[in-house]
Amino acid sequence: MKYITHPYIRPESLEERSYQLSIAMKALDGNTMVVLPTGLGKTAIALLVAASRLYNGGGRVLVLAPTKPLVEQHLRFFQEFLMLPESAGSVGSPFAMFTGETPPEERAHVWKTSQVCFATPQVIKNDCIGGRYSLEDVSLLVVDECHRAVGNYAYVFIADLYLRVAKKPLILAMTASPGADPVKVEGVYACLGIDRVESRVESDPDVEPYVHEREVEYVSVALPPELQETLTDFTTLVTARLQSLADLGFAVPKPERLSIRALSALNGQIQGRIAARDPRAYRAASLYAECMKLRHAISLCESQGSGALKAYLARLASEGSSGKASKASRRLSHDPLFRNVLRRAEGWTDELHPKAGIVIRQVREHFKARPDSRIIIFATYRDTVMMLVDLLSREGITCEKFVGQANRDAEKGLSQKKQLEALSRFRAGEFRVLIATSVGEEGLDIPSTDMVIFYEAVPSEIRSIQRKGRTGRSRSGKILVLVTSGTSDEAFRYVSQRRERSMVSGIRGMSGQDRQKPHDAPQHTFPSWEGVRTPLMGSGVQHTPPWGSVPAPLVGQSGLDTFLTQEPRIVVDDRETSSQVVETLHTLGADIELRRLDSGDYAIGDRILVERKTARDFMDTLINRDIFGQIKKMAEAVPRPILIIEGPEDLYRVRNIHPNAIRGTLAAIAVDMGVTLFFTADGEETANMLYVLARREEGSRGERKMHPRKSYRSLREEQEYVLTSFPSIGLKNARLLLEHFGSLKAVIDAGKEDLVSVKGIGEKTASRIWDLSRRTYS
């Protein structure tokens, strides 16, 4: 076996593969997306590029991956193969791993001393927004599972920031499954500033020797009579609601064609009619919500089985009987046919769907043939995961769940630490079957996994490829896909196969292409590395990066920032970091501090708190939660409370609420609570409003006044105004106190008993006046 030879790679450790070398060298020429089947060494390519960049230009490498287990996997790989020399004055390891569990202060310190950092993207985004460190000296940004770089995912923000601030930027993006939709793939290119694509498929001559055989078997499963009967009842329930929608004038799909796409089209019709203020549209929206619930129940019945369905029906019944239930939940849970299905489900004790038995049989047979192997079972829903854990455990097969961090009802999720511990035990052979939701689909490398079972077919070609890629990585493997005959399972199987073929066809045409960027795409210029030569790993050939130089700044001209004062400071609640608002504030140059706020979403100086709500969130909070309690808490905390209602939606059309109720709510917030209301079109406009507010607050000359009124018509009004500044004292109570005691001094000098003796003043209010007027200022 031939090994890679490089000053920064451990001798005789990393196998030399021609396709990896070829891709790595081309990736040094510009921002590159690498599309490579799972198990063929995308991380090895990243290592080769990282070693070259660090050896020739220094700086640091930042490796991003979407989950902590994947981040930890990359860290272990680099620690095994990358050999960095000790620099003068260096302390600790050159490798660092950042996740949300790493304290911010520790991340800021470790960043300064590390050369290669591995992190989840949200952590890096938060740290950059909070100004904890800069990406300017990062010479290579590795983006794993780069197909996620769309919309408001943190990859998009980081890539844009990196290409703007880094002195020597280079992006290496990696994925096994970019997707079959050319428009979405092009969107990923644009978000990451990709210049070229390097791809391989398993049949390429330079890749084929390293591909291990993977047998894919589809097992057709018949739905048992008990579940077939239940499915018929659900179809009857759906048909009735679709007929009601048709009677209201909506075009509806046939019950047997009630796909998510069909439901989305139906919802589009309903929202259009709501916008047109059609009163019947609100009734339609409620019926649509019932259809969504029933569609999910049908999916569970067809693909998951009686256990998952029983748990879901119980949740629907509980939801419908609660005091805060929506009309849709109440109506569905009280439907006689639904009640009949619920009673029938309560009598199910064992799993009825044949899939569960097939899984047990296949697992037993596989372990008989390969006693030292591992099996990963994928299921979409946690209820199914837990059912399989219980069944396999009862059969004496050691297994564990692998799910996300969020808690669902009584079922607790797995923290990132527990996820890593579970994978470590699985690798070590402490248990032999890992039963995972989608959180286990991306990138996990368990070399001894010889079998992967899909409990259901998935329509996404990306998810399907990711699942299949968990086996056949170091030796041959088997993939078993369970498909319920005559159901959505079958449709998903064929959709996924078609999309996978389309994606492979598209990948074949990608390789070696230099992308032609649209004229309006941002142009990122790569700086010159004068005199630098890059050793071609394993060959001894020299390669010089052909990057152009950056024009020198014009001498004698001052930049705009010369005339600007220090950027305004805004404290942002750390739960807001995924919003467009925070990204725009960072782009505007605001000095942002991230921390958890007791109330409000943004704090400006010591006088302003801002609560941001989208139009829909505002209406949902008004109906389902305590909007007045939330706003009141903010209003009592600062002299200048502000509520921003964001979005293009018309408040009066978002929910079926009488317009006067909405007007009354706005009036109470503005007049009774003294909260300033702003309406903005989107997150960008909200950010600009916050920026202007912060500029004005920091730019105010002289001492800021705590009270808005500047002049009064009489001494009496001034006395009233001073007393109303006490908590819980309104104008009425201020007048009662002043009329009773005669002066402000007498009110403040009065004891608690004397204050309570005034009609309308309770013990709580009296205690606050007495305590506040005597407490030491600190």
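> Would you explain the sheet that holds strand β17 (residues 569-573) in this entry?
What links the strands of a sheet is backbone hydrogen bonding, and the strands pair in either a parallel or an antiparallel sense. If you walk across this open sheet you meet the 6 strands as β18-β17-β19-β20-β21-β22, and the pairing is mixed. Strand pairing shows two members of the sheet lacking a second neighbour, β18 (591-595) and β22 (676-680), which therefore form its edges. Across the sheet, the mean angle from the axis of one strand to that of its neighbour is 25 degrees, orientation sign disregarded. In terms of strand pairing, β17 meets β18 through 5 bridges, oriented parallel. When the sheet's bridge partners are listed, Arg569 is paired in β18 with Asp591.

> Sorry, what's going on with the packing of helix α2 (residues 42-57) against helix α3 (residues 68-81) here?
A packed helix pair is summarised by two numbers, namely the angle formed by the two axes and the spacing between the axes. Relative to each other, α2 and α3 sit at 55 degrees, their axes nearing to 11 Å. Taken together, α2 and α3 sit at an angle that is classed as oblique. At the point where α2 passes α3, the crossing takes the right-handed sense. Contact residues: α2 offers Thr43, Ala44, Ala46, Leu47 and Ala50, while α3 offers His74, Phe77, Phe78 and Phe81. Residues of the contact of α2 with α3, tallied by class, amount to 7 nonpolar, 2 polar and no charged.

> I would appreciate a short explanation of the packing of helix α25 (residues 715-724) against helix α26 (residues 731-741) in the present structure.
Packing of α25 against α26 leaves a shortest axis separation of 9 Å and a crossing angle of 115 degrees. As far as their axial angle goes, α26 and α25 are roughly perpendicular. The chirality of how α25 crosses α26 is right-handed. Two secondary-structure elements touch here, α25 through Arg716, Gln719, Glu720, Leu723 and Thr724 and α26 through Leu731, Ala734, Arg735, Leu737, Leu738 and Glu739.

> I'm lost on the sheet that holds strand β12 (residues 449-454) in this one. Help?
Overall, parallel pairing links the 6 strands, which are arranged β8-β13-β12-β9-β11-β10 in an open sheet. The open sheet has two edge strands, β8 (214-221) and β10 (399-402), and neither has a second partner. Going across the sheet, the axis of each strand differs from the next one's by a mean of 20 degrees, ignoring polarity. The pairing of strand β9 (residues 374-378) with strand β11 (residues 433-436) spans 4 bridges and is parallel. Paired with Ile377 across the bridge in β11 is Ile435. Each of β8, β9, β12 and β13 (477-484) touches helix α17 (residues 461-468); the most contacted strand, β12, lies at about 150 degrees to it.

> Can you walk me through helix α21 (residues 627-637) in this structure?
In an α-helix, one full turn covers 3.6 residues, which means residues spaced three or four apart are oriented alike. Those residues of α21 lying buried are Ile627, Ile631, Met634 and Ala635. All buried residues of α21 fall inside an arc of 100 degrees around its axis, so they share one side.

> Got a minute to help me understand the nonpolar core in this structure?
Nonpolar side chains tend to gather and get buried jointly when the protein is soluble and globular. One finds Ile124, Leu135 and Leu585 to be the most contacted residues of the largest nonpolar core, which totals 56 residues. Ranked by residues supplied to this core, first place goes to helix α6 (residues 154-165) with 8 residues. Aside from chain neighbours lying at most four places away, what touches Leu135 is Leu62, Trp111, Ile124, Cys128, Ile158, Leu161, Tyr162, Val165 and Ala166. Grouped together as the second largest cluster of nonpolar side chains are 42 residues, Ile9, Leu21, Ala27 and Ala51 included.

Definitions and limits used
- Residues numbered from 1 in each chain as written.
- Predicted model: local features only at pLDDT ≥ 70, side-chain atom pairs only at ≥ 80, totals over all residues.
- Heavy atoms only, no water.
- Pairing = 2+ DSSP bridges.
- Helix = DSSP H or I, 4+ residues; strand = E, 2+ residues; numbered from the N terminus.
- Axes fitted to C-alpha atoms, helices over the stretch in contact; angles between N-to-C directions.
- Parallel < 35°, antiparallel > 145°, perpendicular 65-115°, else oblique.
- Left-handed = near helix turned anticlockwise from the far one by under 90°.
- Contact = heavy atoms within 4.5 Å.
- Nonpolar A, V, L, I, M, F, W, Y, C, P; charged D, E, K, R; others polar.
- Buried < 20%, exposed > 50% of the residue type's maximum accessible area, 1.4 Å probe, protein only.
- Arc of directions from axis to C-beta.
- Core = buried A, V, L, I, M, F, W, Y, C linked by side-chain atoms within 4.5 Å.

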